[in-house]
Amino acid sequence: MNITPAIKAMEDQLVEWRRALHRRPELAFEEHETAAFIAARLRWFGLEVHEGLAGTGVIGVLRNGEGPCVGLRADIDALPIAELTGATYASEIPGKMHACGHDGHTTMLLGAAQAMAADPPGPGTVVFIFQPAEENEGGARVMIEDGLLEHFPLDSIYALHNWPGLEAGRIAMRAGPVMAAFDTFELKVIGKGSHGAMPHEGIDPITLAAQLQLAWQTIVSRAVDPTDATVISVTQIHAGHTLNVIPEEVILRGTVRTLRPETRDFVQTEMTHRAEMIAAAYRATAQLTYQRRYPATINAPEAAETARRAAEAILGRDAVQTDYAPSMASEDFAFLLEKVPGAYGWIGNGSAEGGRNLHSPHYDFNDAILPLGVQFFVEVARRALTGAND
């Protein structure tokens, strides 16, 4: 592994920072203490610092003459999960935890900022983006709405996310779709209430809801190309209050995941059509509310190639995986990739055994990979600024 002596020398400091952040997790748009921690260190490195974008976002800027402008992004928010790791540095905030490794991502980007402030990677500008509210709240979208790209016109942008189950010391990077679009829906099925012993006097929305759920699943199995990964999950069904009454209405809620924009359009249209037609067949009414939350995370080919070469320069070709399947989970870095060509990759966090998966109360970031993440950001910035492809 090709880690520079300067970055190797940071390791103890990186671990200290990561564990300090881990102890004090903050939820989406509440990351005030985290933002202050980041801004103080960026100023210590001598960087230009901008605070308050999307409320709690922090931007560090390294200017080194004329040249391209490259963005590097880390997410900074935690999750509403009670930690069960038993670590000496476990969360001190009841019911809140860095269960997705954003403390590690923040630390890696802080280390990269320190390394590049001391030794700029090339002519141009590096923008270090510490983004709030990745978890469900679309902090990247809010930063864009607040003028991120007007203030800092990026030519390319890069991010890493730790990945349990991928061996530590490996990076996965590919062109094209990496993570799925994230949409949510609520379907209200309105029938006609009746006595549970006299169903013929009403229109049973529960039976109808069951048929709709099955009809939606055949969108995936019979209306979408089997090679085009799509998920429709009904995760909530709410109906009725009494054992002997057929209720007036049923509410179904859930999520849809797709990798291709055209498939996303098709699934939304088809879900609406099937709900309305099946309900009408039973003289009921179906009202579907469909919300598009995050787009698919799609890497630009040239940026993915730059990131792949950066990873291979550090790890060697055999440790960089380019043939992995996209995840049907979602990531709001996708909003940035819609505006700026860039790439998003996974850095191995090691074994996920014992429930140490993302969003688990047993999850913990692997501190051993911190220097690798720092080195990756430095190397990808160097290549993006100089055009090097060695």
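The structure under discussion appears in the preceding block.
We now turn to the structure provided with this report. (Residues numbered from 1 in each chain as written. Predicted model: local features only at pLDDT ≥ 70, side-chain atom pairs only at ≥ 80, totals over all residues. Heavy atoms only, no water.)

With respect to the environment of His 102
Our working rule: Helix and strand labels come from DSSP, where a helix needs a run of H or I of at least four residues and a strand needs a run of E of at least two; each type is numbered from the N terminus. Burial here depends on accessible area, computed with a 1.4 Å probe over protein chains only, as a share of the maximum for the residue type. Under 20% is buried, over 50% is exposed, and the range in between is partly exposed. Residues are treated as being in contact if the distance between any of their heavy atoms lies within 4.5 Å. Under the rule applied, a polar contact is a pair of N or O atoms within 3.5 Å (in protein, one hydrogen donor and one hydrogen acceptor; residues adjacent in sequence only if both atoms are side-chain atoms).
Following the sequence through the fold, His 102 ends up in helix H4 (residues 102–118). The exposure class of His 102 is buried, given its relative accessible area of 0%. His 102 has contacts with Asp 75, Ile 76, Asp 77, Glu 134, Glu 135 and His 161, leaving out every residue within four places of it along the chain. A polar contact is formed between the side chain of His 102 and the side chain of Asp 75, at a distance of 3.2 Å.

Overview of the pattern of salt bridges
Heads up, the condition is: Salt-bridge detection follows one rule: a side-chain nitrogen of Lys or Arg within 4 Å of a carboxyl oxygen of Asp or Glu.
Taken as a whole and assessed by the stated rule, the structure comprises 25 salt bridges. Glu 312 is paired through a salt bridge with Arg 308; the nearest N and O atoms lie 2.6 Å apart. Linking Glu 312 with Arg 308, this pair stays in helix H9 (residues 301–315), spanning 4 residues, or about one helical turn. Both residues of the pair, Glu 312 and Arg 308, belong to the buried class. Here the salt bridges do not stand alone but share partners, grouping Arg 18, Arg 19, Asp 103, Asp 364 and Asp 367 into one network.

Description of the nonpolar core
Defined as follows: In plain words, nonpolar cores are sets of buried Ala, Val, Leu, Ile, Met, Phe, Trp, Tyr and Cys residues tied together by side-chain atoms within 4.5 Å.
With 65 residues, the main nonpolar core has Leu 42, Leu 72, Phe 128, Phe 130 and Phe 376 as its most contacted residues. Here the element with the most residues in this core is helix H11 (residues 370–386); it accounts for 10 residues. Here Phe 130 is in contact with Ile 38, Leu 42, Gly 57, Val 58, Ala 74, Ile 76, Thr 106, Leu 109, Leu 110 and Met 143, once residues within four sequence places are set aside. Counting residues in hydrophobic clusters, the runner-up holds 32 residues, among them Ala 54, Ile 59, Cys 69 and Phe 152.

Section: the packing of H9 against H11
Worth spelling out the cut-off: In this analysis an axis means a line fitted to C-alpha atoms, helices contributing only their contacting stretch, and an angle means the value between N-to-C directions, from 0 to 180 degrees. In what follows, roughly perpendicular refers to angles from 65 to 115 degrees, roughly parallel to angles under 35, roughly antiparallel to angles over 145, and oblique to any angle outside these ranges. Crossings are assigned a handedness: left-handed for a near helix turned anticlockwise from the far helix by less than a right angle, right-handed for a clockwise turn. Amino acids outside the nonpolar list (Ala, Val, Leu, Ile, Met, Phe, Trp, Tyr, Cys, Pro) and the charged list (Asp, Glu, Lys, Arg) are all regarded as polar, and Gly is one of them.
Where H9 contacts H11, the two axes come as close as 9 Å, and the packing angle between them is 130°. In terms of their interaxial angle, H9 and H11 are classed as oblique. Seen from above, H9 lies across H11 with right-handed handedness. Listed contacts from H11 to Thr 306, Ala 307, Arg 309, Ala 310, Ala 311, Ala 313, Ile 314 and Leu 315 of H9 are Leu 372, Gln 375, Phe 376, Glu 379, Val 380, Arg 383 and Ala 384. In terms of residue class, the contact of H9 with H11 is made up of 10 nonpolar, 2 polar and 3 charged.

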